[in-house]
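Structural characterization, general
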Amino acid sequence: MSRYVLRFFALGYLVLLLLVPVGFVFYRAFEHGLGAAWEAVTTPQALHALELTLLIAAIAVPANTVFGIVLALALVRGRFKGRGLLNAVVDLPLALSPIVVGLSLFLLYGRGGWLGGLAEHGIKILFAVPGMVLATMFVSLPFVVREVVPVLREIGTEQEQAAETLGARPFQVFRRITLPAIRSAVAYGVVLTTARAIGEFGAVSVVSGKIQGKTETLPLYVADQFESFNVAGAYAASVVLALIAIGTVVGLRAFQPKEVH
Amino acid sequence: MGISVVEVTKRYGDYPALRDVSVAIPEGSLTALLGPSGSGKSTLLRVIAGLEEPDAGQVLIGDEDVTATPARTRGVGMVFQHYAAFKHMTVEDNVAFGLTIRKKPKAEIRTRVHELLELVQLEGLAKRYPAQLSGGQRQRMALARALAVEPSVLLLDEPFGALDARVRKELRAWLRRLHDEVHVTTIIVTHDQEEAMEVAGQIVVLNDGRVEQVGSPRELYEQPANEFVMSFVGPVNRLGDTFVRPHDVELLLEPEGEGCAEAMVERVVHLGFEVRVELVREDGQHLTAQLTQEQAEQLELERGQIVYVRPSRETTFSAAARRPGRQRSG
């Protein structure tokens, strides 16, 4: 009996909090038919926003994946001073409000900031793609690290040492032993990183300047459409965002190792 | 090839894991490093393997000083307590790993892997994953993997420690036979004196980072160098400054001859063929006697009964050999 109560409660909670709102977006997007929705997301402005979102993700996700793996290895296997501090700093993006992240980048690269001089040398960070990439990398940094660290701890070093005694060089050990062992964790970290990179609003909104057709990502576009009372366009673009997220999850399933548990 | 460890010292921070250890392992032998946990036996093995760097001293394999040689080029095969199986590879790929790394021709690898799987009796399981094997099978796979690269030295770090008692016993006997077949110089680390005695031709007893004694199982048992070795290689009664093995305690119903002491039976434990009698002497000292079932039946031992104990053989150590962990010879 209590089993059913628990199940009902868990399911009800999910339905009310997640499925109903998202479902409504889908419903409203296709309210006036597929054609209307298609038209709304194929305007030049919408297409540019989509392109920009994908571009930013295409830079931020691989960068944070590589960095995340290296950092996780350093945190778990490394023996250096300040490891505890580094471990805490990695979580900073999770603790900070994205708007604060955006503001901090603004202060650093803006006029009078430490790196504000870059703009005078023709390197435009703020109100341009580089700043948006930086903001996205900042907020999506912890996901791969946080997924990989516990797995690295769990697998220990025996397999790696065994490979070493069998003649493998450090890079061969990493590629043939460590990487396959953490593959699932990396994949899951990539999914979370991608989702965050594509969906990021706050930090990107501050550094982008929200210039339509120039520095407007898909989430910014959704907000923009919503604020200018083009609700249909906002819903349709939201659906695109949701589909990208679902696509990421499904796509990465294919990369799951064929390992037998 | 033989192995020489010369005056090796290893510290972990302030903790001395090995203190000036020297050991010679003859070529083709099966040597056990025996000691309690924290005695330095695993550290010594890892120093030989090249997985730990000694703070001082040298390691020689054959005539070559390998102290500065990395593990991957030392030509050692290593087997770990928890198998260290490559979980994402099949049994066959696990065994082939060292050969694949060395870029051997595919056909050669296949033949060699097949031979090895036959040697460790895993022929039918080549396509399985480690998770589908039992602990004993996984450890045999690990052994085949280590042997695949034709190591000059085989190092086993508590290889049967994670297995249940029955499988452990089987694998010990199997390892002994395997060694007779393969003849590679082998070192096995264990904390189990019975295992060391059963498997090894030579035993190195370690305690507190030092070598206490080196010898054959029989030498260690019959001529222990000091108190530590005496009490570590078998059960022992300590009566003042003398040591008596339980099977050297005679039980008599009447006092007879010299060295007899009155004692009360506290408990009689039947272990099959063997019967263990726990006693307390009139001076309050506790001791254990080991009898055969037949002897115990003749005496008709009961709890609370008064008997007379007489050590048929006892050992005393010089003052220098008395304190465990401080002395290397008695």
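Residues numbered from 1 in each chain as written. Chains lettered and ligands numbered in written order. Predicted model: local features only at pLDDT ≥ 70, side-chain atom pairs only at ≥ 80, totals over all residues.

Further remarks concern the domain arrangement of chain A. Note on interface size: it is often stated as the accessible area lost on association of the parts. All names here are of chain A. Splitting chain A by domain gives domain 1 (1-31) and domain 2 (42-254). Here domain 1 and domain 2 have C-alpha centroids that lie 29 Å from each other. On the domain 2 side, the residues contacting the five residues of domain 1 number five residues. (Domains from an automatic or database assignment. Contact = placed C-beta atoms within 7 Å.)

Moving on: the interface of chain B and chain A. Tallying the contact residues gives 22 residues for chain B and 19 residues for chain A. Of all the elements in the fold, those that place two or more residues in the side of chain B that touches chain A are β6 (76-79) and α2 (91-101) of chain B. Of the residues that constitute the side of chain B that touches chain A, the class distribution is 13 nonpolar, five polar and four charged. (Helix = DSSP H or I, 4+ residues; strand = E, 2+ residues; numbered from the N terminus. Nonpolar A, V, L, I, M, F, W, Y, C, P; charged D, E, K, R; others polar.)

Turning to the pairing of strand β8 (residues 185-190) of chain B, a few remarks are in order. Looking along a regular strand, one sees side chains alternate from face to face of the sheet. All names here are of chain B. Taken across its six residues, β8 has six buried, putting it largely inside the fold. Every second residue of β8 is oriented toward a common face, with Thr185, Ile187 and Val189 on one face and Thr186, Ile188 and Thr190 on the other, all of them buried. With five bridges joining them, strand β3 (residues 30-34) and β8 adopt parallel strand pairing. What sits directly across from Leu33, in β8, is Val189. As paired strands, strand β7 (residues 153-157) and β8 are joined by five bridges and run parallel to one another. Across the sheet, residue Leu156 finds its bridge partner in β8, namely Ile188. Taken together, β7, helix α5 (residues 165-182) and β8 form a β-α-β motif whose crossover is right-handed. (Buried ≥ 20, exposed ≤ 12 C-beta atoms within 10 Å, placed from the backbone. Pairing = 2+ DSSP bridges. Right-handed = clockwise from strand over helix to strand, strands pointing away.)

Residues and elements named next belong to chain A. Taking 1.5 Å per residue as the helical rise, helix α8 (residues 142-155) with its 14 residues ought to reach 20 Å, and the 21 Å between its terminal C-alpha atoms agrees with that figure. Those residues of α8 not exposed but buried are Pro142, Phe143, Val144, Val145, Glu147, Val148 and Val149. The inward-facing, buried residues of α8 abut α3 (44-77), α4 (83-90), α5 (92-95) and α10 (170-199). Within two residues after α8, Gly156 carries a phi angle of roughly 70 degrees, on the positive side. (Expected span 1.5 Å × (residues − 1).)

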